[in-house]
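Chain and residue survey
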Amino acid sequence: MKFTKMHGAGNDYVYINCLEETIENPSRLAVLVSDRHFGIGSDGLILIKPSKIADFEMEMYNADGSRGEMCGNGIRCVGKYVYDRGLTDKTTVRIETLGGVKTLKLTVQNKEAVLVKVDMGKPEFAAEKIPVVSTEATVISQPLLVNGTDYLVTCVSMGNPHCVVFLKEDVRDLDLEKMGPFFENHERFPSRINTEFVNVIDRKTLRMRVWERGSGETLACGTGACATAAAAIANGLADEEVTVHLLGGDLRIQWDRTQDAVFMTGPAAIVFDGEYPCGTQQEQKIKENGHVSD
């Protein structure tokens, strides 16, 4: 099985060209390849497939094998992959995802895509569509009791569910390994949740760390950065165009109210190509048990 490892602002995935390869059990394969000790090492697995309604389809799996609706950093890498590898000569590419069809605009230099702008669509604040259990129609700056502590949270979907928490304390000092799972598996989030912990630096600058459902803390989350920007604007904390500082780099986010769409601009990079040997002992364990270690 041939693969390419790529990352967007440090959010890394294993990519497989399923126009040429056939993957029988992508969920279990995601667990295997994502393992950073016994596998390739990544935040998950992304399959690039043909589409009947767009130029290509992105099928995305988290590190725990669960299917994800969308990945902002991942979809930028899909755009770079299909252009750089000659699967398309378009600089405007439409990608089908579980979160809808997304339009990518590629900035090309020396025949390589170096920057990708993604139309991420409309931010969804309706609680039932995120989903989040609430007596209110929306959850904007509302209290949430998590592991004995009250937080003010804003919930929004960018094709997948997000809970944004604005904090005065420096998010760089948080123990996300401890905090993250309590948010992810909270009873008010029936589909689990991605959680962003955010400092407002000024009206044009946000700092964010993210706990992604099914993957834990990652260096960046594109949909999370979009959700964070939308939440900050909805709370009157930021202007309509902001830079979001993440552990893996910066993303530029704009909520264009005239189009009611969020646009994300950021880098995409190829790390290396490889060939994964099928039939290994680890793969056999995946087939038998659904996880790498006993």
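This text gives an overview of the structure that appears in the document. What you are looking at is a predicted structure, and each value in this text was computed from that prediction instead of being measured.

So, on to the environment of L87. Looking at the element boundaries, L87 is found in the loop between α2 (72-84) and β6 (92-97). Judged by its relative accessible area of 28%, L87 falls in the partly exposed class. C-alpha of L87 to C-alpha of F56: the two residues are 31 residues apart in sequence and 9.6 Å apart in space. Excluding its chain neighbours within four sequence positions, the residues that come into contact with L87 are N17, F56, Y81 and V82.

Using the criterion set out here, one finds 16 salt bridges in the structure. Between D239 and K204 there is a salt bridge, with the nearest N and O atoms lying 3.3 Å from each other. Of the two residues, D239 sits in the loop between α4 (222-234) and β15 (241-246) while K204 sits in the loop between β12 (194-202) and β13 (205-212), which places them 35 residues apart along the sequence. Note on D239: relative accessible area 26%, which makes it partly exposed. Each of K5, D12, R36 and D43 takes part in one network of salt bridges that share partners.

To continue, consider the nonpolar core. Within the largest apolar cluster, 53 residues are counted, with the highest numbers of intra-cluster contacts made by Y15, M58, V78, I95, M120, V244 and I253. Among the elements that line this core, the one with the most residues is α4, at eight residues. Residues contacting I95, with those up to four places away along its chain left out, are A54, F56, E57, M58, I75, V78, G100, V101, K102 and L104. One finds V139, V146, V153 and L167 within the second-largest nonpolar core, a separate group that totals 21 residues.

Attention now goes to the pairing of strand β1 (residues 2-8). Burial within β1 is extensive, with five of its seven residues counted as buried. Where β1 and strand β18 (residues 269-275) come together, six bridges link them in antiparallel fashion. Residue pairing across strands places M6 opposite I270, the latter belonging to β18. Relative to strand β2 (residues 11-17), β1 is paired through five bridges, and the arrangement is antiparallel.

Our next topic: the packing of aromatic side chains. Taken as a whole, this structure holds four aromatic pairs when the rule is applied. Measuring from ring centre to ring centre gives 5.3 Å for F183 and F197, while their planes differ by 90 degrees; the resulting arrangement is edge-to-face. Placement of F183 in helix α3 (residues 176-184) and of F197 in strand β12 is noted, with a sequence separation of 14 residues between them. In this structure, K117 is placed above the aromatic ring of F263, and the distance from its NZ or CZ to the ring centre is 5.1 Å. For R257, the ring lying beneath its charged end belongs to W255, and the centroid distance is 4.0 Å.

As for its position among the elements, T103 is in strand β7 (residues 100-109). Separated by 31 residues in the primary sequence, T103 and S134 place their C-alpha atoms 32 Å from one another.

With respect to the helices and strands, the residue H162 is situated in strand β11 (residues 161-166). A distance of 3.0 Å separates polar atoms of two side chains, one belonging to H162 and the other to T223. The residues contacting H162, other than those within four sequence positions of it, are I130, T154, C155, V156, I193, N194, E196, C221, T223, G224 and A227.

Here we take up the state of the cysteines. With the rule as written, the count across this model stands at zero disulfides. The cysteine C71 is free of any disulfide, with C221 supplying the nearest cysteine sulfur at 6.5 Å. We classify C71 as buried; its relative accessible area is 4%.

A few words on unusual backbone geometry. Note the cis peptide between I130 and P131, where omega equals -5 degrees. By the secondary structure assignment, P131 is in the loop between β8 (112-119) and β9 (142-146). Even without a glycine there, the phi angle at K111 is positive, about 65 degrees. By the secondary structure assignment, K111 is in the loop between β7 and β8. Classification of K111 by relative accessible area gives exposed; the value is 72%. Positive phi, close to 55 degrees, is recorded for S141, a residue that is not glycine. Among the secondary structure elements, S141 is positioned in the loop between β8 and β9. When its relative accessible area of 36% is taken as the criterion, S141 is described as partly exposed.

With the rule as written, the count across this model stands at one cavity of 30 Å³ or more. Around the largest cavity, the lining is made up of 15 residues, and of these M60, M70, N160, N194 and E212 lie nearest the centre. Every element with two or more residues in the lining of the largest cavity is listed here: β2, β4 (56-62) and α4.

Cut-off values and rules
- Residues numbered from 1 in each chain as written.
- Predicted model: local features only at pLDDT ≥ 70, side-chain atom pairs only at ≥ 80, totals over all residues.
- Heavy atoms only, no water.
- Helix = DSSP H or I, 4+ residues; strand = E, 2+ residues; numbered from the N terminus.
- Buried < 20%, exposed > 50% of the residue type's maximum accessible area, 1.4 Å probe, protein only.
- Contact = heavy atoms within 4.5 Å.
- Salt bridge = Lys/Arg side-chain N within 4 Å of Asp/Glu carboxyl O.
- Core = buried A, V, L, I, M, F, W, Y, C linked by side-chain atoms within 4.5 Å.
- Pairing = 2+ DSSP bridges.
- Phe/Tyr/Trp six-rings, centres within 6.5 Å; stacked < 30°, edge-to-face > 60°.
- Lys NZ or Arg CZ within 6 Å of the ring centre and 35° of its normal.
- Polar contact = N/O pair within 3.5 Å; in protein donor to acceptor, adjacent residues only side chain to side chain.
- Disulfide = S-S within 2.5 Å.
- 1 Å grid on protein atoms, 1.4 Å probe; cavity = no way out; pocket = protein on both sides within 12 Å on 5 of 7 lines; lining within 4 Å.
- Points joined across faces, edges and corners; volume = space filled by probe spheres on them.

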